[in-house]
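# Observations on chain architecture
Residues per chain, in single letters:
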Amino acid sequence: MNSVGEACADMKREYDQCFSRWFAEKFLKADCSGDPCTDLFKRYQQGVQKAIKEKEIPIEGLEFMGHGKEKPE
Amino acid sequence: MRVWSSEHVFGHPWDTVIKAAMRKYPNPMNPSVVGVDVLERSVDSRGRLHSHRLLSTEWGLPGLVRAILGTSRTLTYIREHSIVDPVGKKMELCSTNITLTNWVSVSERLVYTPHPEDPGRTVLTQEAVITVKGISLGSYLESLMANTISSNAKKVLIAWGGWLPPADHTHMWPPP
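Numbers given to residues run from 1 along each chain, matching the order in which its sequence is written. Chain letters start at A and ligand numbers start at 1, both assigned in the order the entries are written. In view of the model being predicted, local features appear only for residues whose pLDDT reaches at least 70, and side-chain atom pairs are presented and counted only at 80 or more, with totals across whole chains, interfaces and linings using the full set of residues. Side-chain metrics rest on all non-hydrogen atoms present in the structure, leaving aside hydrogens and water.

## Focus on the overall build of chain B
Here is the rule: Think of it this way: any DSSP run of H or I at least four residues long counts as a helix, any run of E at least two long counts as a strand, and we number them from the N terminus. Type-normalised accessible area, obtained with a 1.4 Å probe on protein chains alone, sets the label of each residue: buried when under 20%, exposed when over 50%, and partly exposed for intermediate values. Contact criterion: two residues are considered in contact whenever any of their non-hydrogen atoms come within 4.5 Å of each other. All accessibility values rest on the Shrake-Rupley procedure with a 1.4 Å probe; residue burial counts only the protein chains present in the view.
Each helix and strand in chain B was counted, giving 4 helices and 8 strands. Out of the 176 residues belonging to chain B, those deemed buried represent 48%. A fraction of 50% describes how many contacts in chain B between residues 6 or more apart in sequence connect residues 24 or more apart. If you sum the accessible surface of chain B, you get close to 8,700 Å²; carbon and sulfur atoms cover 57% of it.

And the structure:
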């Protein structure tokens, strides 16, 4: 599946693979140990943010906090 | 105002369905989604995973509809927020278009929960609301049908340029 930013397709794929593994093997089993995908997500997000600005996609009310825990509900 | 809803039962346990749902795109049932990006992801204080995603879709609007709308744009962006509760076994997704909002708003909500009588199965409930220029589509259709001689809903839907799927279609978004 493509990314909105063509240049970050590879980083997206790496991040997606990391997330899918963590989601299935840790998160769904209520394993709260560390999230291994934070760095990958940061790199991927740089490309996405750039593409969103370039394409002027109207994303409102969303700060790019990246990956985080204990975010307020 | 709820315009369309459906319920579907998968013959798999909730965990299996959710893993597949998170990888839903590409989805052969919904080939219009051409891009998916995660904008934000976090776990809240209740242990629920929140994901905000940007979906790029090709609407494939019929030529007549595009001509009426005066637009040649076919790429539309949708914002999706999902919440996965691994303990309560509930996944909820809400999505809405963030472009073409001048003339249409399509909001969809999906909820995946274990079947109440069989943990080996999963229930998906979907509902969607369409609003065209501030008028609920339901009201529009209601008034249209009231004014027409024919009470055949399919003819009305075809006159809309094939926007709405047949009654037994289980995937609403994007419009075919």
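## Section: the nonpolar core
Proteins that are soluble and globular tend to have nonpolar side chains buried together. Inclusion rule: In this description, a nonpolar core means a group of buried Ala, Val, Leu, Ile, Met, Phe, Trp, Tyr and Cys residues linked to one another through side-chain atoms lying within 4.5 Å.
Ranked by size, the top nonpolar core spans 36 residues in total, and within it A:Phe23, B:Ile18, B:Leu49, B:Leu54, B:Val84, B:Met91 and B:Tyr112 carry the most contacts. At the level of elements, helix H1 (9-25) and helix H2 (38-54) of chain A together with helix H1 (14-22), strand E2 (33-44), strand E3 (49-58), strand E4 (75-85), strand E5 (90-97) and strand E6 (104-115) of chain B are the ones that each hand at least two residues to this core. Of the residues forming this core, the biggest block, 6 residues, is contributed by H2(A). Leave out the neighbours within four places in its chain, and B:Leu49 touches A:Phe19, A:Trp22, A:Phe23, A:Phe27, B:Met22, B:Arg41, B:Ser42, B:Val43, B:Ser82, B:Ile83 and B:Val84. Of all hydrophobic cores here, the second largest spans 6 residues; its members include B:Leu100, B:Val104, B:Val106 and B:Val132.

## Quick word on the state of the cysteines
All names here are of chain A. To be explicit about the condition: In plain terms, two cysteine sulfur atoms within 2.5 Å form what is called a disulfide here.
This model, assessed by the stated rule, comprises 1 disulfide over all chains. Each sulfur in the disulfide pair Cys18 and Cys37 lies 2.2 Å from the other. Residues Cys18 and Cys37 are joined through a disulfide that is left-handed, its torsion about the S-S bond being -95 degrees. Note that Cys18 is positioned in helix H1 and Cys37 in the loop between H1 and H2, a separation of 19 residues in sequence. Lacking any disulfide linkage, Cys8 is separated from the closest cysteine sulfur, that of Cys18, by 16 Å.

## Describing the packing of H1(A) against H2(A)
Residues and elements named next belong to chain A. For clarity, the cut-off: Axes, fitted as lines to C-alpha atoms, cover a helix only where it is in contact. Angles between the N-to-C directions of the axes lie from 0 to 180 degrees. Here the word oblique covers every angle except those under 35 degrees (roughly parallel), over 145 (roughly antiparallel) and from 65 to 115 (roughly perpendicular). Each crossing gets its hand from how the near helix is turned against the far one by less than a right angle, where anticlockwise is left-handed and clockwise is right-handed. Residue polarity is assigned by list, with Asp, Glu, Lys and Arg as charged and Ala, Val, Leu, Ile, Met, Phe, Trp, Tyr, Cys and Pro as nonpolar; anything else, Gly included, falls into the polar class.
Between H1 and H2, the shortest axis-to-axis distance is 9 Å and the interhelical angle comes to 150 degrees. Regarding the angle of H1 to H2, the classification is roughly antiparallel. Regarding H1 and H2, the two cross each other, and that crossing is left-handed. Residue-level inspection shows Met11, Lys12, Glu14, Tyr15 and Cys18 of H1 in contact with H2, the latter providing Leu40, Phe41, Arg43 and Tyr44. By residue class, the composition of the contact of H1 with H2 is 6 nonpolar, no polar and 3 charged.

## Focus on the interface of chain B and chain A
For clarity, the threshold we go by: Summed over both partners, the accessible area lost on bringing two parts together, with a 1.4 Å probe, is the buried area. Salt bridges are identified by distance alone: a Lys or Arg side-chain nitrogen within 4 Å of an Asp or Glu carboxyl oxygen. Counted as a polar contact is a pair of N or O atoms within 3.5 Å, where, for protein atoms, one must be capable of donating a hydrogen and the other of accepting one, and residues adjacent in sequence contribute only when both atoms are in side chains.
Of the residues lining the interface, 34 residues belong to chain B; the matching set on chain A comes to 36 residues. Of the roughly 2,900 Å² buried between chain B and chain A, counting both surfaces, carbon and sulfur atoms make up 61%. A per-residue breakdown of the area chain B buries against chain A is headed by B:Leu39, B:Glu40 and B:Arg41, which together make up 21% of the total. Summed over the shared surface of chain B and chain A, the result is 0 salt bridges. On the surface where chain B and chain A come into contact, there are 9 residue pairs in polar contact (both at pLDDT 80 or more).

## Points about the pattern of salt bridges
All names here are of chain A. Inspection of the entire model under this criterion finds 11 salt bridges over all chains. The shortest N-O distance in the salt bridge between Asp10 and Arg13 comes to 2.4 Å. With Asp10 and Arg13 both in helix H1, this residue pair falls 3 residues apart, about one helical turn.

## Notes on the environment of B:Thr96
All names here are of chain B. Tracing the backbone through its elements, the reader meets Thr96 in strand E5. With 73 residues separating them along the chain, Thr96 and Arg23 place their C-alpha atoms 19 Å apart. Leaving out residues up to four positions away in the same chain, Thr96 has contacts with Tyr77, Ile78, Arg79, Ser105, Val106 and Ser107. A polar contact is formed between the side chain of Thr96 and the side chain of Ser107, at a distance of 3.4 Å.

## So, the confidence of the model for chain A
All names here are of chain A. The condition that has to hold: pLDDT is defined as a per-residue confidence score from the predictor, taking values between 0 and 100.
The pLDDT averaged across chain A works out to 81; a share of 82% of its residues lies at or above 70. Put simply, strand E1 (residues 67-71) is where chain A has its lowest mean pLDDT, 47, and H1 is where it has its highest, 93. Within the model, pLDDT remains below 50 along residues 69-73, and this stretch shows 15 contacts once partners closer than five positions in the same chain are excluded.

## Quick word on H2(A)
Residues and elements named next belong to chain A. Stated formally: Every helix has an expected span of 1.5 Å times one less than the residues it contains.
The end-to-end C-alpha separation of H2 is 24 Å, in line with the 24 Å expected for 17 residues at 1.5 Å each. Listed as buried for H2 are Leu40, Phe41, Tyr44, Gln45, Gly47, Val48, Ala51 and Ile52. Once H2 finishes, Glu56 follows within two positions and takes phi at roughly 55 degrees, a positive value.

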